[in-house]
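Coordinates in review
One letter stands for each residue in the lines below.
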There are 2 protein chains.
Amino acid sequence: MRTLAIHALEGMPGIRPGTDLADEILGAAARNGLRLADGDIVVIAQKIVSKAEGRSVRLEAIVPGAAAQALAHTTGKDPRLAELVLGESAAVLRARRNVVVVEHRLGHVMANAGVDRSNLDAAPDDEAVVLLLPEDPDRSAAALRDRLRAATGVRLGVVISDSFGRAWRLGTVGVALGLAGPPAVIDRRGEADLYGRPLQVTEIGFADAVAAAAVLVMGEGAEGCPVAVVRGQSWSESRQTARDGLRPRSEDMFR
Amino acid sequence: MRTLAIHALEGMPGIRPGTDLADEILGAAARNGLRLADGDIVVIAQKIVSKAEGRSVRLEAIVPGAAAQALAHTTGKDPRLAELVLGESAAVLRARRNVVVVEHRLGHVMANAGVDRSNLDAAPDDEAVVLLLPEDPDRSAAALRDRLRAATGVRLGVVISDSFGRAWRLGTVGVALGLAGPPAVIDRRGEADLYGRPLQVTEIGFADAVAAAAVLVMGEGAEGCPVAVVRGQSWSESRQTARDGLRPRSEDMFR
């Protein structure tokens, strides 16, 4: 029997700009009675990485331009929020009432360019602070991986997760926004199945599946845990980043 | 610490038309030393459900019509395979060299309408047998759930999984093709985050995330395990089916 275990760490403290996430993760693991082991993949919610990196923006400082005013009109969103969405985006793919789907400057096709109002460390009535994605989640993942490896002496992977909607299916699932260690995609082209035929499933979205599994356990909202440890999944060291898991624009049939 | 465990059952026997899957799953669980427990979700690969339901088709019996000939010309696929794809589809969304994306008659937007050549119990040189999706995977899931509950006396869920590509991301991840017990989607609209703001992530693709997690552990190809048991994830009994996890066509912005 092959067993994968996913441990969501409880009791992570509030994260502020400049918080040392590696220290907090190691502290939370210890308080949860978990010792990081060889092959573990540490999954970290994008939100706390953004918070630690000071990626919050006060809406009152934003002056929306003409394009943002137009997007706000189409979508019904705050024009200053629309300005931030456009600033984070390489292209707007779809804009409708309450919906905007963009290609983020990082390459991810996603809603609202990841500009998120919820769960910030502010008073409930202060709706004027939003959080952007990390500047470079792959770099953030690599830095965290290096810190965690140095502290523990074991081979670890790091995935920075986000929750994305899908084109044809309801509800969000976790995806890999940043990655260091495991591969984004496992290419099995050329391998055979049990009966010698070429495998039909030839590329596996490994990092996204790890994120989906972890986010399921981490949960959302008030009772959510922003860090999980995925244990028992074998993986080979890779130089791929989360960007390597994105379909090239030239192969996109649904833009 | 919240822990989710996913156990992939080893040593499932070869499945033939008429095989009693519930018996085989209970037998494999016992041989793996696993006793099904309250709240477990049993994830079963579509392929073995299709095999047990006799959904294999010999290509030599298929006579392609004009539409199939045209699709075969566009995609480079075998015209008889194209005929089967069309027969399983409500609409063709995209057709290119080596690629066809359809709305399956069950509603899923997917490649090749799930018509699959690999891993059939046939000699390697017999490429003329293909496997279709189960007639009604939600009904199959409900029947298996009822059998497994009756045999064990505990509250179980069943997910029939498949591996789907995504529009903008590389590699496949598991999704729920059939569902009985847990919800397809958890609607959190109206709930608040830690600080009293409305949650931004308001719908969670629960069954798909369970499938993604399980398929990661189950693996593909020669060393794959077609059944996994997901343990430790709390869920409320739901009457939703996998179809309830599909975005209505009227809300599809990417068709």
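Residues numbered from 1 in each chain as written. Chains lettered and ligands numbered in written order. Predicted model: local features only at pLDDT ≥ 70, side-chain atom pairs only at ≥ 80, totals over all residues. Heavy atoms only, no water.

In the annotation of an unreviewed UniProt entry, chain A is listed under the name Coenzyme F420-0 gamma-glutamyl ligase and assigned to Aquabacter spiritensis.

Side note on the pattern of salt bridges
All names here are of chain A. Our working rule: Take a side-chain nitrogen of Lys or Arg and a carboxyl oxygen of Asp or Glu: if they are within 4 Å of each other, that pair is a salt bridge. Segments assigned H or I by DSSP are reported as helices when at least four residues long, segments assigned E as strands when at least two residues long, and all are numbered from the N terminus. For every residue, the accessible area (1.4 Å probe, protein chains only) is compared with the maximum for its type, and the residue is labelled buried under 20%, exposed over 50%, or partly exposed between those bounds.
This structure, assessed with the given rule, holds 38 salt bridges over all chains. With a closest N to O distance of 3.7 Å, E237 and R155 form a salt bridge. Within this pair, whereas E237 is found in the segment after β12 (227-231), its partner R155 is found in the loop between α5 (137-152) and β8 (157-164), the two being separated by 82 residues in sequence. Using a relative accessible area of 40% as the deciding quantity, one classes E237 as partly exposed. Of the residues examined, R155 reaches a relative accessible area of 27% and is grouped as partly exposed. A cluster of three or more residues bridged by salt bridges with shared partners is formed by R145, D146, R149, R155 and E237.

Details of the environment of A211(A)
Residue and element names in this part refer to chain A. Take A211: it is sitting in helix α6 (residues 206-218). Judged by relative accessible area, A211 falls into the buried class, the value being 0%. Once the C-alpha coordinates of A211 and A176 are considered, the two residues, 35 residues apart in sequence, prove to be 5.7 Å apart.

Some details on helix α6 (residues 206-218) of chain B
All names here are of chain B. Put simply, the rule is: Take the residue count of a helix, subtract one, and multiply by 1.5 Å to get its expected span.
The terminal C-alpha atoms of α6, which comprises 13 residues, lie 18 Å apart, in line with the 18 Å expected from a rise of 1.5 Å per residue. Within α6, 13 of the 13 residues are buried, leaving the element largely enclosed by the surrounding structure. The first or second residue beyond α6 is G219, which carries a positive phi of 75°.

Let's talk about the sheet that holds strand β9 (residues 173-180) of chain A
Definition in use: Note on pairing: two strands pair once DSSP finds at least 2 bridges between them. Note on definitions: angles span 0 to 180 degrees between N-to-C directions of axes, and those axes are lines fitted to C-alpha atoms, for helices only across the stretch in contact. Contacts are assigned to residue pairs with any non-hydrogen atoms lying within 4.5 Å of each other.
Spatial ordering of the open sheet is given by β9(A)-β8(A)-β2(A)-β12(A)-β1(A)-β1(B)-β12(B)-β2(B)-β8(B)-β9(B), a layout of 10 strands whose pairing is mixed. Both outer strands of the open sheet, β9 of chain A together with β9 (173-180) of chain B, are each paired with one neighbouring strand and no more. The average undirected angle you get between the axes of adjacent strands in this sheet is 25°. Pairing analysis gives 4 bridges linking strand β2 (residues 41-45) of chain A to β12(A), with the strands arranged antiparallel. Opposite V42(A), over in β12(A), you have V229(A) as the bridge partner. The strands touched by α5(A) are β2, β8 and β9 of chain A; relative to β9(A), the strand with the most contacts, the crossing angle is about 70°.

Observations regarding the sheet that holds strand β4 (residues 89-96) of chain A
Consider a sheet: its strands pair through backbone hydrogen bonds, and that pairing is either parallel or antiparallel. All names here are of chain A. With antiparallel pairing, the 3 strands of this open sheet are ordered in space as β4-β5-β6. In the strand order of this sheet, the two ends are held by β4 and β6 (109-111), each with one partner. Geometrically, the sheet is characterised by an average inter-axis angle of 25° between neighbouring strands, direction not taken into account. Pairing analysis gives 3 bridges linking strand β5 (residues 99-104) to β6, with the strands arranged antiparallel. Within β6, the position partnered with V102 by the bridge is M110. Packed onto the sheet, helix α3 (residues 66-75) meets β4 and β5 and runs at close to 30° relative to β4. The strands touched by helix α4 (residues 79-87) within the sheet are β4 and β5, with β4 carrying the most contacts at an inclination of about 130°.

Examining the domain arrangement of chain A
Residues and elements named next belong to chain A. Threshold: The domain boundaries here were taken from an automatic or database domain assignment. We define buried area as the total accessible area lost by two parts upon association, computed with a 1.4 Å probe and summed across both. Pairs of N or O atoms within 3.5 Å make up the polar contacts considered here, provided that, within protein, one atom can donate a hydrogen while the other can accept it, and that residues adjacent in sequence are counted only when both atoms are side-chain atoms. Side-chain classes follow a simple rule in which Ala, Val, Leu, Ile, Met, Phe, Trp, Tyr, Cys and Pro form the nonpolar group, Asp, Glu, Lys and Arg form the charged group, and the remainder, Gly included, forms the polar group.
What the domain assignment reports for chain A is domain 1 (5-54 + 134-246) and domain 2 (56-131). If you look at the interface, domain 1 gives 15 residues, while domain 2 gives 13 residues. With both sides pooled, the region where domain 1 packs onto domain 2 buries about 1300 Å², and carbon together with sulfur makes up 51% of that total. Where domain 1 meets domain 2, there are 1 salt bridge. For K47, the salt bridge is made with D116, and the minimal N-O distance between the two is 3.2 Å. Here domain 1 is connected to domain 2 by 5 residue pairs in polar contact (both at pLDDT 80 or more). Counting residues per element, the ones that place at least two in the side of domain 1 that touches domain 2 are α2 (46-52), β8 and β9. A total of 3 residues in the side of domain 1 that touches domain 2 trace back to one element, the largest contributor, which is α2. Grouping the constituent residues of the side of domain 1 that touches domain 2 by class yields 7 nonpolar, 3 polar and 5 charged.

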